[in-house]
Amino acid sequence: MIWCAAVLPNTNTNSMNRWFSCFLFNIVTPAHIVRLYDRFEALDKEKTGHLRPQDFGAINRLAMNPIGDRIIGAFFSPGQETVDFHSFVRILAHFRPADKKRPKDPSMPEPVNSRTSKLKFAFQLYDQDKDGKISRAELLQVLRSMLEMQVTEEQLESIADRTIQEADLDKDDAISFEEFRKSLEKVNIDHKMSIRFLR
Amino acid sequence: MSVRVALHSPTGSRSFLERGLLLLVMLIFLEGTVLTLGAASSPDISAQDNTGGGHDRRDDHRGIAGSHEHTNYTYTKKAFPVLSLDYHHIQVPFEISLWVLLASLMKLGFHLIPRLSSIVPESCLLIVVGLLVGGLIKLAGEEVPPVLDSNLFFLCLLPPIILDAGYFLPIRPFMENIGTILMFAVVGTLWNAFFVGGLLYAVCQIEGTYLSQVELLPCLLFGSIISAVDPVAVLAVFEEIHINELLHILVFGESLLNDAVTVVLYHLFEEYSGAGEVTPTDVILGVICFLIVSLGGIAVGAIYGILAAFTSRFTSHTRVIEPLFVFVYSYMAYLSAEMFHLSGIMALIACGAVMRPYVEANISHKSHTTVKYFLKMWSSVSETLIFIFLGVATVAGPHAWNWTFVSVTVILCLVSRVIGVVGLTFIINKFRIVKLTTKDQFIVAYGGLRGAIAFSLGYLLDKDLFPMRTMFLTAIITEIFFTVFVQGMTIKPLVDLLAVKKKQEAKRSINEEIHTQFLDHLLTGIEDICGHYGHHHWKDKLNRFNKKYIKKCLIAGERYKEPQLIAFYHKMEFKQAIELVESGGGVKLPSAMPSQVSMQNIQPKKLPPAVAERALPQFTKGREEEIRKILRSNLQKTRQRLRSYNRHTLVADPFEDGWNDFLLKKQRMIELEKKMTEMSNYLTVPAAPPDSPTMCRARLASDPNAFYNIKASSDGVPTIQVDLASPQSPDSVNMLNEFSKRGATDQGLGQREGATRDEDQGLMMKLSSAGKEEKEEGGNKNPGLMRCLSDPGPSNEDEEDEPFLP
């Protein structure tokens, strides 16, 4: 348990107090918090202490990203219009490299950067209606956004069909989280879903 | 590269007698070879030097013949020589061919002996064969030819192997680990060189040994020669242990990239050995030289690679020489780099890696297969020859055995390698996301094999400048033998023992592909949010740049737009279709059957409806199903028909003839379709709509059993079945085994290996230009299918083959 007693720039002390007092210390290290706070401030142009979708939208490169809006959407909990620093860090903490040496303690909650949590995060990006499954329509949406204008609708449909058929083990014509996880068992998720920034 | 020729029948069924006979034949052949080589070795037979000699002899011969003729007129007529032996005339090519043949037969032989190839790696066996041959030659009393001449090695034997490695280099894992690889290659090699050289010098100074005349600089030179991990040996051994991709690329990448360091160190120490000392200025110059050598080599390679890609853009009318461009440009890159004393290996790798994506998009399927096979063949032969020659050179070379020197060398090499790897990993792990475990470190350290490059470099040393050259050579050979035999043989059991992760043989699923791409986008987005210019950011940038500018220049036609996912998907579809049919899949194909729609081209949706109206008679869906069923059930019978049908229907690019021909063909298509509905046994002509190059390739690469539906994007064009015409010969099965065993590093190769077949048969039947036309936008020539069709291969006779009969 690392207490964040670090000396931080003299900004919004209220929010700082808040994150000190909660369980951030176990998610990211103090150094990360400093860096992420700088970034948060840079994005938060109006200094409200919260980020809105427009602030994310201002990032040019994100606009070019085929799934940019989904990513932005992932930061906002359902019903919320803004995201504060705490949630910001929490989401980004998913992308820390997993700690392999952590003993597998079933009583402890799953850390946010474990393989399962990462996969769950990715799954939620697919599953927009939050029903726990990736339906054919949702898959089609993702494919459409990734492949943009380069393919015909029928091609997309056949790819989607093929994908579901391959992964769907319980034949419900949708991909559940378990099936999703299984189809990616050979991929090194820890490597693929980690960024060096948060090492 | 050891290309295994799998036995046609499983080993068990091959009778012992057959095997024994074959071995006997080979032994006799071997004996004959040896005697011939021995007899001819008295004159200097090194390939380069002999051309002069050969010429003289030929002139003499002609001179003699001339005078003979002359004498004919003036003197008594001699008996006309009905049969005469003139060995010298063909000596050099004959000997080269004999060596190559010997190498290949040896390879064959190893696989006849059961279980031998699983215990002993091929490289060891080949060295032993070389030793035997050398020994036999010596026993025969002849002088053993200096076969591992450095010129021959560096200019002829090494390039094919490196080109093969570079062309099929898996770029993605290589780039992901480039930092680690560079650390190992540069820092690791430097450490090894100085550690070994320095300590050796210290040992030599000890009173007990009689080596005090060995100075520091020659020792350091020796250290730099012996410290480089050899790509040939690594390839030969690692290929058989099927280790996971990460470790493979680490050790292999290191062996490739340390060439620059070796070149610089070698030249540096060689230059200054005469002078006897190295000043700090020289060191700085050395560092600059290193940068120039490595970056220059890569630049040269990249330039030639781009040239090759650009050239391949225009080869649509001369398909048969396409592979030649690949080979010649690469070889010239190597030679150009060597000319400037830059790193030829790095040039070759850069050339192959740069040109590959573009060339593959441009060249026809057959050329692609040719390139692949030729590279594998040449590199395999080269590798075999190198190991055999190592054995022969061991027997031949003058040796100066010194227990101290040799044993200290071997021990020091091991020790320095282990320390180097462990130390470097400690530093590297601070920067890696996925850390290297102890097991990984062990394999990396243990896999640092030395090989023929070290020997050739030692051989190049000047006898006068380095009086202890023979001692060096002996030590180098011993080190090579130690690593190849001891480490090479034991690495496989150790890998099993330590339960190191093995290579995943299964092919990627479409799920993996989609999700991986999705995750790529996700990570790029997250990095953008963090404001962090990381790995994904640059990769994304490079991809965009590539797509926007480079692909347009280097890839012909409209092909550059094809997204990778689609290509992958098509490949998968075809493979599954093949498997389905092969397994005797029932009449009703499940939904996984490639649906009509997937075969469509990838033009955007905004087709003018007027275009679609230029239609042929419509087929209802039900009709199509019926037709499909009929054709499927008659697949076997129609295959024989295919042969004759093949020849007549293989036509050149229809579009070159223009509209008239197109209309004519459309007419023919209509007639054919009508016939098809009536006759049940009739083979159809493919109405292949334009399709992507990879689809085309995948189709052609697929089992001839496969057939698939092709339907135009618009409803107006009927669906017509295609049956691939290429008869399948039994050999094609072997090729499948061969490549799967080979554990090709190339992923593309791996993906194709599921359906790799011998492609010389005429696959492409005439296509209906009807479907194609609809999709055209403003007269753009359809690239994909044209590419396939317009390449009939070298000659039509090649299309003939034995009909495949199940």
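Since we're looking at a predicted model, the values are computed, not measured.

Chemist: Looking at this structure, how should I read the overall build of chain B?
Modeler: Along its length, chain B carries 31 helices and two strands. Taken across its 806 residues, chain B has 57% of its residues classed as buried. Here the contacts in chain B between residues at least 6 apart in sequence split such that 84% fall between residues at least 24 apart. About 34100 Å² of surface is accessible on chain B, with carbon and sulfur atoms providing 65% of the total.

Chemist: Just checking my understanding: could you explain the interface of chain A and chain B for this structure?
Modeler: Interfaces are often described in size by the accessible area the parts lose on coming together. Across the contact, 57 residues belong to chain A and 59 residues belong to chain B. Here chain A packs against chain B, burying approximately 5400 Å² in sum over the two surfaces, 64% of which is carbon and sulfur. Considering only the surface of chain A that becomes buried against chain B, Arg61(A), Arg162(A) and Lys192(A) emerge as the three largest contributors, covering 14% of it. Seen at the junction of chain A and chain B, the total is zero salt bridges.

Chemist: Would you explain helix α14 (residues 344–362) of chain B in this entry?
Modeler: Residues spaced three or four apart along an α-helix point in a common direction, a consequence of the helix completing one turn every 3.6 residues. Residue and element names in this part refer to chain B. The terminal C-alpha atoms of α14 lie 26 Å apart, and with 19 residues this matches the ideal 27 Å at 1.5 Å per residue to within 8%. The principal kink in α14, of about 45°, is found at Arg 356, preceding the proline Pro 357 by one to four residues. Here α14 lies mainly inside the structure; 17 of its 19 residues are buried.

Chemist: Before we go on, may I ask you to explain the side chain of Asp282(B) in this structure?
Modeler: Among the secondary structure elements, Asp282(B) is positioned in helix α12 (residues 280–312). In contact with Asp282(B), not counting residues within four places along its chain, are Leu268(B), Tyr272(B) and Glu277(B).

Chemist: What should I look at first to understand the UniProt feature "domain: EF-hand" (unreviewed entry) in chain A in this one?
Modeler: Using the residue numbers shown here, the UniProt feature "domain: EF-hand" (unreviewed entry) corresponds to residues 114–149 and 155–190 of chain A. Overall, residues 114–149 of chain A shows 67% helix and 6% strand. The separation of its end C-alpha atoms is 35 Å.

Chemist: Honestly, the pattern of salt bridges in this entry has me stumped. Any pointers?
Modeler: When the charged atoms of two side chains lie near each other, side chains of opposite charge can form a pair. Within the structure shown, the criterion is met by 15 salt bridges over all chains. Its salt-bridge partner being Arg52(A), residue Glu46(A) comes within 2.9 Å of it at the nearest N-O pair. Relative accessible area serves as the criterion here: at 53%, Glu46(A) is assigned to the exposed category. Accessibility expressed as a relative area gives 22% for Arg52(A), which makes it partly exposed. With a closest N to O distance of 3.1 Å, Arg356(B) and Glu360(B) form a salt bridge. Here Glu360(B) and Arg356(B) lie together in helix α14, a separation of four residues that amounts to about one turn. We note that Arg356(B), like Glu360(B), is buried. Put simply, Arg172(B), Glu176(B) and Asp520(B) are held in one network by salt bridges that share partners.

Quick notes on the rules
- Residues numbered from 1 in each chain as written.
- Chains lettered and ligands numbered in written order.
- Predicted model: local features only at pLDDT ≥ 70, side-chain atom pairs only at ≥ 80, totals over all residues.
- Heavy atoms only, no water.
- Helix = DSSP H or I, 4+ residues; strand = E, 2+ residues; numbered from the N terminus.
- Buried < 20%, exposed > 50% of the residue type's maximum accessible area, 1.4 Å probe, protein only.
- Contact = heavy atoms within 4.5 Å.
- Areas by Shrake-Rupley, 256 points an atom, 1.4 Å probe, with all protein chains shown as cover.
- Buried area = accessible area lost by both parts, 1.4 Å probe.
- Salt bridge = Lys/Arg side-chain N within 4 Å of Asp/Glu carboxyl O.
- Expected span 1.5 Å × (residues − 1).
- Bend = angle between axes of the 7 residues up to and from the residue.
- UniProt positions renumbered as here; feature names shortened; annotations may be inferred.

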